[in-house]
Amino acid sequence: ALTKDERIILAHDENFTRLGMDPTSPLCNRTVRDLTFKELMNCPLKSGARPPLLFEVLRSAAAIGGDAKMIVEIKAGNTEAGSALTRMFARHPQLMEHVAVVMSFDAFIMHNLRR
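Everything numeric in this text was worked out from a predicted model, so none of it was measured.

Draft legend 1. Fine view of the packing of aromatic side chains. If you walk through the whole model with that rule in mind, you get zero aromatic pairs. A cation over a ring is seen here: R7 above F37, with NZ or CZ 4.6 Å from the ring centre.

This is the structure in structure tokens:
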């Protein structure tokens, strides 16, 4: 998911209502794309952790070494995330070796990633 300030975080749902410690919190009920990363940090999760940034997870994979690779899925309709992912890989091309595949069920997103 892409935050309002264009940080890519790992998130399955469009908001953190299900995972937030306080599901009634206004922050946890807003969509990720409507929150900055700093605002997301103010939505405590049940696990006690914060949503990880994709950049951090890929750097961790690099530190693990070997064949540590991820599958990155861009949710359908989230065209901005595809563009942000492309920019991140342009700035940090060494992280691409820790991605097995980038996928989406959105043909438009996949087409744009190929360019």
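Moving on from the coordinates now.
Draft legend 2. Spotlight on the state of the cysteines. One pass over the full model with this rule turns up one disulfide. The partner cysteine of C28 in its disulfide is C43, sulfur to sulfur 1.9 Å. In this structure, the disulfide formed by C28 and C43 twists by about 105° around the S-S bond and is classed as right-handed. Note that C28 is positioned in helix 1 (residues 26–29) and C43 in the loop between helix 2 (37–41) and helix 3 (54–64), a separation of 15 residues in sequence. Here the two residues C28 and C43 agree in accessibility, since each one is buried.

Draft legend 3. Here's a closer look at the pairing of strand 2 (residues 99–103). Sheet analysis places strand 1 (residues 70–73) next to strand 2, joined by four bridges and oriented parallel. Each bridged residue has a counterpart across the sheet, and for M70 the counterpart in strand 2 is V99. Each parallel crossover has a hand, and the one from strand 1 via helix 4 (residues 79–91) to strand 2 is right-handed.

Quick notes on the rules
Throughout, a residue's number is its position along its own chain's written sequence, starting from 1. For a predicted model such as this one, the threshold for reporting local features is a pLDDT of at least 70, and the threshold for listing and counting side-chain atom pairs is 80 or more; totals across whole chains, interfaces and linings nevertheless cover every residue. Side-chain metrics in this entry use all non-hydrogen atoms of the structure; hydrogen atoms and water are not considered. The criterion for an aromatic pair is that two Phe, Tyr or Trp rings (for Trp, the six-membered ring) have centres within 6.5 Å, with stacked assigned to planes under 30 degrees apart, edge-to-face to planes over 60 apart and tilted to the rest. In this analysis the charged atom, NZ for Lys or CZ for Arg, is taken to sit over a ring once it is within 6 Å of the ring centre and within 35 degrees of the ring normal. Counting rule for disulfides: a pair of cysteine sulfur atoms within 2.5 Å. A run of H or I in DSSP becomes a helix once it reaches four residues, and a run of E becomes a strand once it reaches two; helices and strands are each numbered from the N terminus. Classification of residues uses two cut-offs on accessible area relative to the type maximum, computed with a 1.4 Å probe and protein chains only: under 20% is buried, over 50% is exposed, and between them is partly exposed. Two strands are said to pair when DSSP picks up at least two bridges between them. Call a crossover right-handed when, viewed with both strands pointing away from you, the route from the first strand across the helix to the second goes clockwise.

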